[in-house]
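Residue strings, one per chain:
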Amino acid sequence: MEKEYLIGINYFNGWNRNDPNRWQTNGRDWRMDYPERIPITGCYNDPETMIADIDAASEKGVDFFQMLWYVQKPEREKNSRHLNDCFAHYFAAKNNEKIKFVLEFCNHPPYEILEDDLWEDSVDEWVKIMLHPGCLKIDGKAVFKIHGLAYFYQQCGRSVEKFDERISVLRAKAKGKGLELIIGAGVMADAVNDDEIALSSHVDYCTTYADFPRIEETEKPYAFSVLTEQALKGRRVLVEKLHSPYVPFIMSGWYPRPWGVHSAQYAYPTEKEWKEALQGVKTALDEDERFTLHGKKMFTIYAWNEFGEGGIMAPTAGFGTMKLDMLKKVFGEK
């Protein structure tokens, strides 16, 4: 039986063993200060962790990991060459038939692509990845996402013609290998501008990776419900402004203090707050067809394993599986 909802969770492959790594801030392993965030499925991205992540997510009703891909020609940051290993780990996983993947081109600085030949080389790599049977398809078309619409426009020299040309190259190379594409791009409610609104008609859908209010940082974290209100604001604002369907999202958290990030921080959700976030996006999908993609009810969650930033759906030592359990309860099939 076909599922009524497609549930995706963003997946970050930045947890490698090389020194320095993202479990360290200023040379200190911050897991000693935040032991509740230690993942049960594995602290490092490797084949064993991927297998455990797939099992943990799929048994709670998650349909796909939206996996971040970063250009590595040349390597942009120390040890960043491992960021795309998640695809090889997924391909090798003995249980990968349990969950699909979406490739998200993560184009924020310093991972921009400016040169045409690098764009074409990257497209060739993406198409090769998307030919794997695990790539999520809707109506037989592979789903692909550009992380930031505004960034992409800037990286095209703020030229609509160059924007369209690069999208056309992507579609043509995919079609040459027998793939039709559904191409999405990321926007945020408080930052969306006239250029992005106009360009939203040049892609097949828009969505949001993560978003939180730009408010004053305080020592005490704000309530998690503020994040849910921001996601709701995005649904209200963007669905009215954009010229393409909007695939909604919700935040599982934002508390990046372990990484020394200076921004507002938000408390971990209570079971009640998390249930309200899930029910809110479910109601939006049920009541407004503008949130559907090719007639499919679909949303994403930030994030599976952004342990440093606090966007965590993976089972952890202190938080357990509450969020996954509630996801299954709210979106369980009838």
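Cut-off values and rules
Residues numbered from 1 in each chain as written. Predicted model: local features only at pLDDT ≥ 70, side-chain atom pairs only at ≥ 80, totals over all residues. Heavy atoms only, no water. Helix = DSSP H or I, 4+ residues; strand = E, 2+ residues; numbered from the N terminus. Rg over C-alpha atoms; globule rule 2.2 N^0.38 Å. Buried < 20%, exposed > 50% of the residue type's maximum accessible area, 1.4 Å probe, protein only. Areas by Shrake-Rupley, 256 points an atom, 1.4 Å probe, with all protein chains shown as cover. Lys, Arg positive; Asp, Glu negative; His and termini not counted. Charge placed at Lys NZ, Arg CZ, Asp CG, Glu CD. Phe/Tyr/Trp six-rings, centres within 6.5 Å; stacked < 30°, edge-to-face > 60°. Salt bridge = Lys/Arg side-chain N within 4 Å of Asp/Glu carboxyl O. Arc of directions from axis to C-beta. Contact = heavy atoms within 4.5 Å. Pairing = 2+ DSSP bridges. Right-handed = clockwise from strand over helix to strand, strands pointing away.

A. Representation of the overall build of the protein in the model. Looking only at helices and strands, one finds nine helices and 15 strands in the protein. The C-alpha atoms of the protein give a radius of gyration of 19 Å, which matches the 20 Å a tight globule of 334 residues would have. Dimensions of the protein, computed from the C-alpha atoms along their principal axes, are close to 50 × 45 × 45 Å. The proportion of buried residues among the 334 residues of the protein is 56%. For the protein, the accessible area works out to roughly 14,000 Å², and carbon and sulfur atoms hold 51% of it. Counting 42 positive and 52 negative side-chain charges, the protein places the centres of these two groups 3 Å from one another.

B. Quick look at the packing of aromatic side chains. For the coordinates displayed, the defined rule picks out 31 aromatic pairs. A ring pair is formed by Y5 and F331, whose centres lie 5.1 Å apart and whose planes are at 80°; its orientation type is edge-to-face. One end of the pair, Y5, is in strand β1 (residues 5–11); the other, F331, is in helix α9 (residues 322–331), with 326 residues separating them in the sequence. Measuring from ring centre to ring centre gives 5.3 Å for W69 and W126, while their planes differ by 85°; the resulting arrangement is edge-to-face. Taken together, the residues W69 in strand β4 (residues 64–69) and W126 in helix α3 (residues 116–130) connect sequence positions 57 residues apart. With a relative accessible area of 0%, W126 lands in the buried category.

C. Structural view of the pattern of salt bridges. Counted under the stated rule, the structure contains 24 salt bridges. Of the charged contacts, one joins K98 and D55 as a salt bridge, the two residues approaching to 2.7 Å between their closest N and O atoms. Of the two residues, K98 sits in the loop between α2 (85–92) and β5 (100–105) while D55 sits in helix α1 (residues 47–58), which places them 43 residues apart along the sequence. Accessibility expressed as a relative area gives 43% for K98, which makes it partly exposed.

D. Representation of α2 in the model. All of the buried residues along α2 are C86, F87, H89 and Y90. For α2, the angular spread of buried residues about the axis comes to 160°, placing them on one side. Along its buried surface, α2 packs onto β1, α1, β4, β5 and α3.

E. A look at unusual backbone geometry. The step from P109 to P110 runs through a cis peptide bond, and the omega angle for that step is 5°. Secondary-structure assignment places P110 in the loop between β5 and α3. Cis geometry marks the peptide bond from Y302 to A303, where omega comes out at -5°. The phi torsion at N26 lies on the positive side, around 55°, for a residue other than glycine. Among the structural elements, N26 can be located in the loop between β2 (24–25) and β3 (28–29). Look at N26 and you get exposed, because its relative accessible area is 82%.

F. Spatial organisation of the pairing of strand β8 (residues 181–186). For β8, a buried count of six out of six residues is recorded, marking the element as mostly surrounded by other parts of the structure. Side chains of β8 alternate between two faces, with L181, I183 and A185 and I182, G184 and G186 buried alike. Bridge analysis of β8 against strand β9 (residues 205–207) gives three bridges, and the strand direction is parallel. Paired with G184 across the bridge in β9 is Y205. In this view, the connection linking β8 to its parallel neighbour β9 by way of helix α6 (residues 194–199) has right-handed handedness.

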